Amino acid sequence: MSLRPFHLAFPVDDLTAARAFYGGVMGCPEGRSSQHWVDFDFFGHQIVAHLAPGAGDVIANPVDSHDVPVPHFGVVLAMDDWQALADRLAAAGTEFVIAPTIRFKGEVGEQATMFFRDPAGNALEFKAFENLDLMFAN
């Protein structure tokens, strides 16, 4: 599967905290920036943290007995990379919205997943599949 990188711009209320979280905790290299935004290399994709204090309400939908935050974004990683990120986040003291877990265990679409928030409250989900071919299976 060969995908083009996606671009996502999202609000933050503190660029210094965004740099510390995405650059430091998540390990995403920083790209261009200004006083109002900063680019990050998010696992080969371009994300841009834009200074926008006071953005948005938090909503959740039930999925497999968890309240999943909406909106959220993230990346589907290889299982080893997912586990390494989960360990890195835990070691950094990240508070998980949904702790690293296996969702839909024993079913089509079984996946490792975890949810957490950046310092501005944006929800992120990282997931992994033992068999990536089942990502869109129903």
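As a reminder, the structure under discussion sits directly above these lines.
Residues numbered from 1 in each chain as written. Predicted model: local features only at pLDDT ≥ 70, side-chain atom pairs only at ≥ 80, totals over all residues. Heavy atoms only, no water.

1. Things to note about helix α1 (residues 15-25)
- The complete set of buried residues in α1 reads L15, A18, F21 and Y22. All buried residues of α1 fall inside an arc of 130° around its axis, so they share one side.
- Against β1 (7-12), β3 (37-42), β4 (45-51), β7 (72-73), β10 (111-117) and β11 (123-128) lie the buried residues of α1.
- Of the residues flanking the start of α1, the one acting as N-cap is D14, its side-chain oxygen 2.9 Å from the backbone nitrogen of T16.
- One or two positions beyond α1, positive phi appears at G27, with a value near 75°. (Buried < 20%, exposed > 50% of the residue type's maximum accessible area, 1.4 Å probe, protein only. Helix = DSSP H or I, 4+ residues; strand = E, 2+ residues; numbered from the N terminus. Arc of directions from axis to C-beta. Contact = heavy atoms within 4.5 Å. Polar contact = N/O pair within 3.5 Å; in protein donor to acceptor, adjacent residues only side chain to side chain.)

2. A few points about unusual backbone geometry
- Cis peptide bonds are those with omega within 30 degrees of zero, and the linkage from V70 to P71 qualifies with 0°.
- Following the sequence through the fold, P71 ends up in the loop between β6 (66-70) and β7.
- Despite not being glycine, F43 shows a phi value in the positive range, around 55°.
- Of note, F43 is situated in the loop between β3 and β4.
- In this structure F43 comes out as partly exposed when scored by relative accessible area, which is 35%.
- At F104, a position not held by glycine, the phi torsion is positive, near 60°.

3. Describing the packing of aromatic side chains
- Considering all chains together, one arrives at 11 aromatic pairs under this definition.
- Seen in terms of ring centroids, F96 and F116 are 6.2 Å apart; in terms of plane orientation they differ by 90°. Their pairing is edge-to-face. Of this pair, F96 sits in strand β9 (residues 96-103) while F116 sits in strand β10; the two residues are 20 residues apart in sequence, bridging distant segments of the chain.
- Looking at F96, the relative accessible area reads 21%, which means it is partly exposed. (Phe/Tyr/Trp six-rings, centres within 6.5 Å; stacked < 30°, edge-to-face > 60°.)

4. Notes on the pairing of β10
- Burial analysis of β10 places 6 of its 7 residues in the buried class, the great majority of the element.
- Bridge count for β9 against β10 is 5 bridges, and the pairing is antiparallel. Across the sheet, the residue bridging to F96 is F116, located in β10.
- In terms of strand pairing, β10 meets β11 through 6 bridges, oriented antiparallel. Each bridged residue has a counterpart across the sheet, and for T113 the counterpart in β11 is K127. (Pairing = 2+ DSSP bridges.)

5. Digging into the sheet that holds β1
- Strand order in the open sheet formed by 4 strands is β1-β4-β3-β2, and the pairing between neighbours is mixed. Of all the strands in the sheet, the pair left with one neighbour each is β1 and β2 (30-33). For this sheet, the mean angle separating the axes of adjacent strands, direction not counted, is 25°.
- Taken together, the 6 bridges between β1 and β4 define a ladder with parallel strand orientation. Within β4, the position partnered with P11 by the bridge is H50. (Axes fitted to C-alpha atoms, helices over the stretch in contact; angles between N-to-C directions.)

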